[in-house]
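An overview of the molecular structure
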Amino acid sequence: MHSLLVEGFGVQNWTYILVGITFTLYIGIAIWARAGSTKEFYVAGGGVSPLANGMATAADWMSAASFISMAGIISFDGYDGAVYLMGWTGGYVLLALLLAPYLRKFGKFTVPDFIGDRYYSNTARLVGVICALIVSFTYVAGQMRGVGLVFSRFLEVDINTGVIIGMIIVLFYAVLGGMKGITYTQVAQYCVLIFAFMVPAIFISIQMTGNPIPQLGFGSQLADGSGTYLLDKLDGLSTDLGFSEYTEGSKSTIDVFAITLALMVGTAGLPHVIVRFFTVKKVKDARKSAGLALLLIVILYTAAPAVSVFARTNMIETVSNQPYANMPEWFKKWETTGLIVFNDKNNDGIINYVVDKNKNELKVDKDIMVLANPEIAQLPDWVIALVAAGALAAALSTAAGLLLVISASVSHDLIKKMINPKISEKGELIAARLAAVIAVCVAGYFGINPPGFVAATVALAFGLAAASFFPAIILGIFYKKMNKEGAIAGMVIGILCMLFYMTKFKFGWFGGGEKADWWFGISPEGFGTVAMIINFVLSIVIMKFTPDSPEDVQEIVENIRIPSGAGKATH
Amino acid sequence: MTNKEKAKAYWKENIRYVLILLSIWFLVSFAAGILFKDELNTIRVGGFKLGFWFAQQGSMYVFVVLIFVYVRLMNKLDKKYGYDA
C-alpha cells in the first residue's frame, strides 16, 4: 500500500501536515471574511448564495456525532441505526416545506426573535432564549469532546490540550468572523469532511466487494468469489456470536417510530440549523438551499451505513477467536486510550467476543469504528490522517455554528431586545463577541470536565428542540389565530415534560426507572415525540379559551405566507 | 381577483403540494422503513432486504427528490401568481 516515498513517514506526521494545512485555511478565510456589522455577524449580511449556504448548512449540521459516532453506532445496532439515518435527514423535508421559506420571509436574526415578535410578547421571547441556550449548550459540549478525542489519539497530546487547541481555533474565527466568517469556513470544512469520509469508504468498498460505490457495495457480493452477499455474511457472523441479525435490529417498532420522529422534528427545530436560512437573499433561495444542504448531507449519510457494515465485518473477522498476541498495531494503540479493553477471563490468550456478558472478553467503544476503520482495513497512512482532519472539520464547524446561536441569543435577544434596547450597533457587536468568548470558555470547560450527562444529552437535545420550538413555529405560520397564551404554555410544558422524562430515566431523578417502566415503551430519546404532541394539544386547547392573536399579528402571518418582497433581515 | 383572494388561492395550492409531498415522506420512511419493514424484508433486491434498504438508503434518496420537486412546483406557482419578483 505504501509508495516508496512515503514509506515510514507515519500517520502522525501526515496528521500534523493535513491538520496544519486545514487549520491555516480556516484561519485565512476567517481573516478575509471578518464581520464589520451586526448584520454580518448574525446573518452574514444576508447575501449568501444557495449553494454556499447549502454547503455551510451541511457542515454546520454534520457534527462529530455524524462523522465519528454515527457509523459506529449503526455498526453495533444494525437495522436500529436507521433511526439516526432517517431522523437526521427527514427533518430537512420538514424544514424546506414547512419552516425555512416563511422564516426567511419574516426576516429576523434569530429563532427567539421570531417567537417574540410572532407571539407579541417578551415572555415568549425569553422562553425562546432559554430553550435555545439549553439546546445549544448540551450540543456544543459534545463537539469539544470530539475535538479532544481526535487530538489525543492522532497527535498523541493530552485530551485536555486537544480541547484547548480546538477552543482557540473556534474562538478565533467565530469571534472575528461571526456568521460571515463561519459560513465561508464551513464551506471549506464541508469539502474537507466529505472527502475525508468518502475516500476510505471507497477504498474499503473496493477491497471487500469490488464495487467502488459504497452505497451499492454493501448490498453486493463479496469480492472473494464465493458468491455470498456481504449482508448475509454479516447476519451469519452476528448470529454466530449471539447478537441479533444485523438487518433485523432489537428495538421495538414503537420506539423506532418515536425516536425517528423526534429526531426529524428536532432537526427542524434546532436554532443553529434554522438560522442558516436567514442568510440567503430570497425566499426562493431558502427552499433551494435546504434541498442542496440535504443532498450534500445524504452523500455522507448513505455512505455511513455501508461503512458500518464494512467495519463490523472486518472487526469481527480480525478479532473474534484470534490469539491476543497476533493483534495488529491499531488494536494496541486504541487499548492505550482505553477505548478497546481486552480482559482474558479464561486465560487462553484467545479473544472471545460474544453477547454473553460472563464469557465476553472484549469491549470496543462505538466511537472508534470510523477512526479505526482505515487502520483495520490497512489503508495508507495519509488516508488515516485525512480521517482525523475530517473529524476535526466536522466538530469545529458545528461548534462554531452553535456558539453563534448562543452569542446571538445573549447579545441580540436578551440585551438588545429586552435589557437595553438603546444599545448602539457598535455596542451590540462588542456584546456579541464577548458572549461568544464566554460561550467558548463554558463549552471548553464542559469538554475538559464532561459531566456524566453530556454524552447522554446530545441525542436528547433533539427531543428538547422538538418539544419546544417546533410546535410554536409551525403553529405560528400555519395557524394565524394562535395566541401568546397557547404558545408560551405549550413551549414551557413541552420542554418541562421532556426534561422530566429524560432526567427520570437517564439520571434517576424523580424516583428513576428502568426500561420496563418507560411510558408506552418509548425511550427518553424518543420521548420528544410525545412531548411535542403534548405541546401541540395544549397550545390549541389554551388558545380556545383565550383571546385570538391581534389583527396586526394575523396580518403579519398572512404576509409571511407570500414569498415576494422579502426584504433583508432587520432588527 | 383582489390581492386577498389571490393570496388565499396561492396558499391553498401550496398547502395541497405540501400535503401530497409529506404523505410520500411518511410512506417511504415510517411506513416502508419501520411499520411494514418485516413484510418488505421478504422481498430482496441484490443483497438488500427491501425494508432494510428503505430504512438505511431509499428513504433518504426520496427525501432529496421531494425537496427539489417542491422547489420546482413552488417556483412555478410563484410565477403563476406573480410572487416571483
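The shown structure was predicted, so the numbers you read here are calculated from the model rather than taken from an experiment.

1. A closer look at helix α14 (residues 329-336) of chain A
Residues and elements named next belong to chain A. The complete set of buried residues in α14 reads Trp330, Phe331 and Trp334. Relative to the axis of α14, the buried residues are bounded by an arc of 105° and lie together on one face. Facing away from the buried side of α14, by more than 90 degrees, are the exposed residues Glu329 and Thr336. Among the structural elements, α7 (122-154), α13 (283-319), β1 (340-342), β2 (362-364) and α15 (368-376) are those in contact with the buried residues of α14.

2. Observations regarding the interface of chain A and chain B
Across the contact, 53 residues belong to chain A and 43 residues belong to chain B. Of all residues in chain A, A:Tyr79, A:Leu97 and A:Arg287 give up the largest surface area on contact with chain B, accounting jointly for 16% of the area buried on that side. Taken together, the links from chain A to chain B amount to seven salt bridges. The tally of links from chain A across to chain B stands at 11 residue pairs in polar contact (both at pLDDT 80 or more). Classifying every residue of the side of chain A that touches chain B by side-chain character gives 31 nonpolar, 13 polar and nine charged.

3. Quick word on the confidence of the model for chain A
All names here are of chain A. Per-residue confidence for chain A gives a mean pLDDT of 86; residues scoring 70 or more make up 96%. When pLDDT is averaged over each element of chain A, helix α20 (residues 527-544) comes out on top at 96 and α7 at the bottom at 82. Ignoring residues within four places in sequence, the model shows residues 1-7, a span with pLDDT below 50, making six contacts including any to other chains.

4. Description of the packing of helix α8 (residues 159-209) of chain A against α13(A)
Residue and element names in this part refer to chain A. One can describe the packing of α8 onto α13 by two numbers: an axis separation of 9 Å at closest approach and a directional angle of 40°. If you check the angle between α8 and α13, you find them oblique. The handedness of the crossing between α8 and α13 is left-handed. Of the residues in α13, those in contact with Tyr190, Leu193, Ile194, Phe197, Met198, Ala201, Ile204, Ser205, Met208 and Thr209 of α8 are Leu296, Ile299, Leu300, Ala303, Ala304, Val307, Phe310, Thr313 and Asn314. Classifying every residue of the contact of α8 with α13 by side-chain character gives 15 nonpolar, four polar and no charged.

5. With respect to the packing of aromatic side chains
For the coordinates displayed, the defined rule picks out 35 aromatic pairs over all chains. The interplanar angle of 85° and the centroid separation of 6.1 Å between the aromatic rings of A:Phe41 and A:Tyr42 together place this pair among those described as edge-to-face. Overall, A:Tyr42 belongs to the buried group, its relative accessible area being 2%. With centroids separated by 6.3 Å and ring planes inclined at 15°, the aromatic side chains of B:Tyr81 and B:Tyr83 adopt a geometry described as stacked. Each of the two residues, B:Tyr81 as well as B:Tyr83, counts as buried. Ring-pair connections join several aromatic residues into one group, and the members of that group are A:Trp61, A:Tyr84, A:Trp88, A:Tyr92, A:Tyr139 and A:Phe462.

6. Comments concerning the pattern of salt bridges
All told, the structure shown has 20 salt bridges over all chains when counted by the stated rule. The network of salt bridges with common partners includes A:Asp235, A:Glu245, A:Glu248, B:Lys37, B:Asp38 and B:Lys49.

Definitions and limits used
Residues numbered from 1 in each chain as written. Chains lettered and ligands numbered in written order. Predicted model: local features only at pLDDT ≥ 70, side-chain atom pairs only at ≥ 80, totals over all residues. Heavy atoms only, no water. Buried < 20%, exposed > 50% of the residue type's maximum accessible area, 1.4 Å probe, protein only. Helix = DSSP H or I, 4+ residues; strand = E, 2+ residues; numbered from the N terminus. Arc of directions from axis to C-beta. Contact = heavy atoms within 4.5 Å. Buried area = accessible area lost by both parts, 1.4 Å probe. Salt bridge = Lys/Arg side-chain N within 4 Å of Asp/Glu carboxyl O. Polar contact = N/O pair within 3.5 Å; in protein donor to acceptor, adjacent residues only side chain to side chain. Nonpolar A, V, L, I, M, F, W, Y, C, P; charged D, E, K, R; others polar. pLDDT = per-residue confidence, 0-100. Axes fitted to C-alpha atoms, helices over the stretch in contact; angles between N-to-C directions. Parallel < 35°, antiparallel > 145°, perpendicular 65-115°, else oblique. Left-handed = near helix turned anticlockwise from the far one by under 90°. Phe/Tyr/Trp six-rings, centres within 6.5 Å; stacked < 30°, edge-to-face > 60°.

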